[in-house]
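Structural description and commentary
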Protein chains: 2
Amino acid sequence: MVGIRRLAQHLDISIGTVSRALNGRPDVNEETRKRVLEAAAELGYAPNQAGRSLRRGATSAVGFMIESNDESESNSDNFFLGVIGGLTGALAQHNLDLVVLPCSTSEDPHDYLQRIVVRRLVDAVIISATQRNDRRIPLLKKAGIPFIALGRTGGADQHAWVDLDFEGVAHKAVARLAAKGHKQIAVAVPDSDINLGHVFRNAFVDALAQNGLPFDPDFIICAKSSEHGGYTVGDTLLAMKNRPTAVVLVYEMMAIGLYRRLSEAGLVPGRDLAVVGFREGPLARFLSPALTCFRMSLLDLGTGLAEGLLATMPAFPDLYRAEPVQKLWPMELVEGESDAMEV
Amino acid sequence: MVGIRRLAQHLDISIGTVSRALNGRPDVNEETRKRVLEAAAELGYAPNQAGRSLRRGATSAVGFMIESNDESESNSDNFFLGVIGGLTGALAQHNLDLVVLPCSTSEDPHDYLQRIVVRRLVDAVIISATQRNDRRIPLLKKAGIPFIALGRTGGADQHAWVDLDFEGVAHKAVARLAAKGHKQIAVAVPDSDINLGHVFRNAFVDALAQNGLPFDPDFIICAKSSEHGGYTVGDTLLAMKNRPTAVVLVYEMMAIGLYRRLSEAGLVPGRDLAVVGFREGPLARFLSPALTCFRMSLLDLGTGLAEGLLATMPAFPDLYRAEPVQKLWPMELVEGESDAMEV
DNA sequence: TAGGTTTTCGTAAACGATTACGGAGATTGT
DNA sequence: ACAATCTCCGTAATCGTTTACGAAAACCTA
């Protein structure tokens, strides 16, 4: 393996000069720099990451912590892959690698992250699937590791995050349904301790109030964020004596299950029950009737996350900003037929 | 940050002894070892990864190279997440981290991998989406990096790989269709230079021969491995004067597009055209009529990949085997209604 | 008890890169 | 011509950990 030593003796200069030449330091003759650069390309030299990290005290890597669902049951489809694409692109421009840190669902995310952090495996981290009271936040703050969260937390403390604009989604969905005459609108939220459920629930309640609609606690339906969860939402709806005329869902997989349950009951979405989904996934186009839902660019979301993270890293003084980025990511309505009915 | 130095001075012993105690070396008093372990836990010590990597010449990380499709168009959904779950579990048992290396589709995978390898970012790699003549193989061999491929390559050279049992799938699919009287069976394969297409195509031709069925080159349909690709497969089929009575697909997303195209033409899968899909994804259960396809455990696949990789790593002498693992992963038929018709 | 063996631990040299420091030439100023 | 300045580069320390080597102490054997 060719290191800086071999490069230096090949050029018959000192390793210090080689290093300076490669790192763009000013105190090196331009003629020498050119020779070094050429030799490096010729010999296929690249700095050893371990040596560099040790000396610099930084790894040039940021971690993206996701929970790797052990079996394919769950909701997340191409979501993370899309975000990862945006992240890598934006980070690569600053010579940062992305390290995906998949936390098994059988392990406590806090403990997993602690192991990563204390070993100094990455310079900064992105956490996802944030909980209402997420212990990872104080951990990262105490360790002084720059971070950003994909998803708000419940805490009042300030930290950088990017989240989907649930308020906007809830407002658009409810306003649209209200305009069609719906007065009894239900919402399905995930039953896990993930913060998303709370946020979406609150946004929904606010949207109801803004549209002058009454709020019935029974209309908040908790379910697993999976296809089967959507099926159980159908069960719940069908069992209600005072059945809502419309329902708003999170996760496209829920929509699939609900469609199936309705179909079994001889009901048609958009005719017997207005359905508004959340994120437009690859399935939404196929569902019949077409699902009214919301669209976003996963690539842009990843880019936005990267920018927000870089702004928290003192190692990038030109991008650094004192106040943490807190950004709601807009989603655009995709009109379908699943909420076509008027009432 | 607490390092081995602080730990040593806190215990008033030398750093050498601390290191030996932590690494389970025999030449340290058990009483001393216990004290060191306790102090390490108390002070929250964990070895700095950069220092350790530099000294050991190994990073304790294996890379999993995937291509991160820039936009959500493409096929891969929960596939990688599932495999990652299996990988992390199996690797963690040997104190190995998994680093996901997402290669942007705009970059040459070979160049991307070279940058990773030359910087010694990982000890071993798993490559996926192998091409027929994959330049990454000689790169890794030359660099002496242990690796395993998820997907066979076309080359005759020996290296470790795990691949799906396309032969088994093709044979089961064709035999099943032949038993129902089908004589004109088409197959849709991806049009990219990924090796999967060639393998699947060959397996299909073999299966035809084994079942005494004629082979018509027109019945090999190339398409993008996406929902839209499936739609174009439908276009191609409908435009044929001598239309096949059955079609076998790869990728579940293709099935969705094909269903949509057939529906637009007023045709029903399983009645007007027998459809056999490939991998059972979260969507297959929902398609109506239910898609006949094949099932596998992504978790087990990940575990198998990890085992095959460990067997190539000299750093694990007890697992090391001279001959590289080459394993076809079986898939189990999931009976649906999409190929119910007889002819 | 002398000599040999074993146990336990401290010392110091690596690993590969970065960078503060200082020195040798070359250049400029008076 | 002498000093001051500037340009360029070599030397060596350093990051945190591992490990070969040797030494001290303890233990055994005859």
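Before any of the text, the structure's been laid out above.
Let me begin by describing the structure that accompanies this report. What you see is a predicted model, and the numbers here were worked out from it, not measured in a lab.

About the thresholds
Residues numbered from 1 in each chain as written. Chains lettered and ligands numbered in written order. Predicted model: local features only at pLDDT ≥ 70, side-chain atom pairs only at ≥ 80, totals over all residues. Heavy atoms only, no water. Helix = DSSP H or I, 4+ residues; strand = E, 2+ residues; numbered from the N terminus. Buried < 20%, exposed > 50% of the residue type's maximum accessible area, 1.4 Å probe, protein only. Areas by Shrake-Rupley, 256 points an atom, 1.4 Å probe, with all protein chains shown as cover. Lys, Arg positive; Asp, Glu negative; His and termini not counted. Charge placed at Lys NZ, Arg CZ, Asp CG, Glu CD. Near = heavy atom within 4 Å. Polar contact = N/O pair within 3.5 Å; in protein donor to acceptor, adjacent residues only side chain to side chain. Nonpolar A, V, L, I, M, F, W, Y, C, P; charged D, E, K, R; others polar. Pairing = 2+ DSSP bridges. Axes fitted to C-alpha atoms, helices over the stretch in contact; angles between N-to-C directions. Contact = heavy atoms within 4.5 Å. Expected span 1.5 Å × (residues − 1).

As for the overall build of chain A
For chain A, the helix and strand inventory stands at 12 helices and 12 strands. For chain A, the C-alpha atoms occupy an extent of roughly 85 × 40 × 35 Å along the three principal directions. Counting only residues that meet the buried cut, chain A has 55% of its 343 residues in that class. Accessible surface, chain A as shown: approximately 14,800 Å² in total, 50% of it carbon and sulfur. Here chain A contributes 35 positive and 41 negative side-chain charges, whose respective centroids are spaced 5 Å apart.

Observations concerning the protein's contact with DNA strand D
Contacts to DNA strand D come from 25 residues, most closely from Ser14, Thr17 and Thr32 of chain A together with Ile4 and Arg55 of chain B. Taken together, the sugar and phosphate atoms account for 56% of what DNA strand D places within 4 Å of the protein. At a separation of 3.3 Å, a base nitrogen of DNA strand D approaches a polar side-chain atom of Arg20 of chain B. One nitrogen or oxygen atom from the side chain of Arg25 of chain B is found 3.0 Å from a phosphate oxygen belonging to DNA strand D. Only helix H2 (15-22) and helix H4 (49-56) of chain A together with helix H1 (4-11), helix H2 (15-22) and helix H4 (49-56) of chain B provide two or more residues apiece to the surface near DNA strand D. Top contributing element to the surface near DNA strand D by residue count: H2 of chain B, with 4 residues. Residues of the surface near DNA strand D, tallied by class, amount to 7 nonpolar, 10 polar and 8 charged.

Overview of the sheet that holds strand E7 (residues 220-223) of chain A
All names here are of chain A. Read across the sheet, 6 strands follow the order E7-E6-E8-E9-E10-E12 without closing on themselves; strand pairing throughout is mixed. Only two strands of the sheet have a single neighbouring strand rather than two, namely E7 and strand E12 (332-334). Here the strands of the sheet are splayed against their neighbours by 25° on average, with no regard to which way each runs. Where strand E10 (residues 292-295) meets E12, 3 bridges bridge the pair, whose relative direction is antiparallel. Bridge pairing links Phe294 to Leu333 in E12. Against the sheet, helix H8 (residues 166-179) engages strand E6 (185-190), strand E8 (246-248), strand E9 (274-279), E10 and E12, with an angle of about 160° to E9.

What about the sheet that holds strand E6 (residues 185-190) of chain B?
All names here are of chain B. Across the sheet, 6 strands lie side by side as E7-E6-E8-E9-E10-E12; this open sheet has mixed pairing. Looking along the sheet, the strands with just one partner apiece sit at the ends: strand E7 (220-223) and strand E12 (332-334). Averaged over all pairs of adjacent strands, the angle between strand axes in this sheet comes to 25°, irrespective of strand direction. Helix H8 (residues 166-179) rests against E6, strand E8 (246-248), strand E9 (274-279), strand E10 (292-295) and E12 of the sheet, and its axis sits at about 160° to E9.

Structural notes on the environment of Phe286 of chain A
You can see Phe286 of chain A is positioned in the loop between E9 and E10. Through-space distance from the C-alpha of Phe286 of chain A to that of Leu121 of chain A is 42 Å; in sequence the pair is 165 residues apart. Contact partners of Phe286 of chain A, with chain neighbours within four places excluded, come to Ile256, Tyr259, Arg260, Phe286 and Leu287 of chain B.

Remarks on helix H11 (residues 252-264) of chain B
Residue and element names in this part refer to chain B. The terminal C-alpha atoms of H11 lie 19 Å apart, and with 13 residues this matches the ideal 18 Å at 1.5 Å per residue to within 8%. By the criterion of burial, H11 is predominantly enclosed, with 10 of the 13 residues buried. Listed in full, the buried residues belonging to H11 are Glu252, Met253, Met254, Ala255, Ile256, Gly257, Leu258, Tyr259, Arg261 and Leu262. After H11 finishes, the residue Gly266 shows a positive phi value of roughly 75°.

Comments concerning H8 of chain A
Residue and element names in this part refer to chain A. With 14 residues, H8 extends 20 Å between its outermost C-alpha atoms, agreeing within 8% with the 20 Å of an ideal straight helix rising 1.5 Å per residue. Inspection of H8 places Phe166, Gly168, Val169, Ala170, Ala173, Val174, Arg176 and Leu177 among the buried residues, and these make up the whole buried set. Remark: Gly181 follows H8 within two positions and exhibits a positive phi of approximately 100°.

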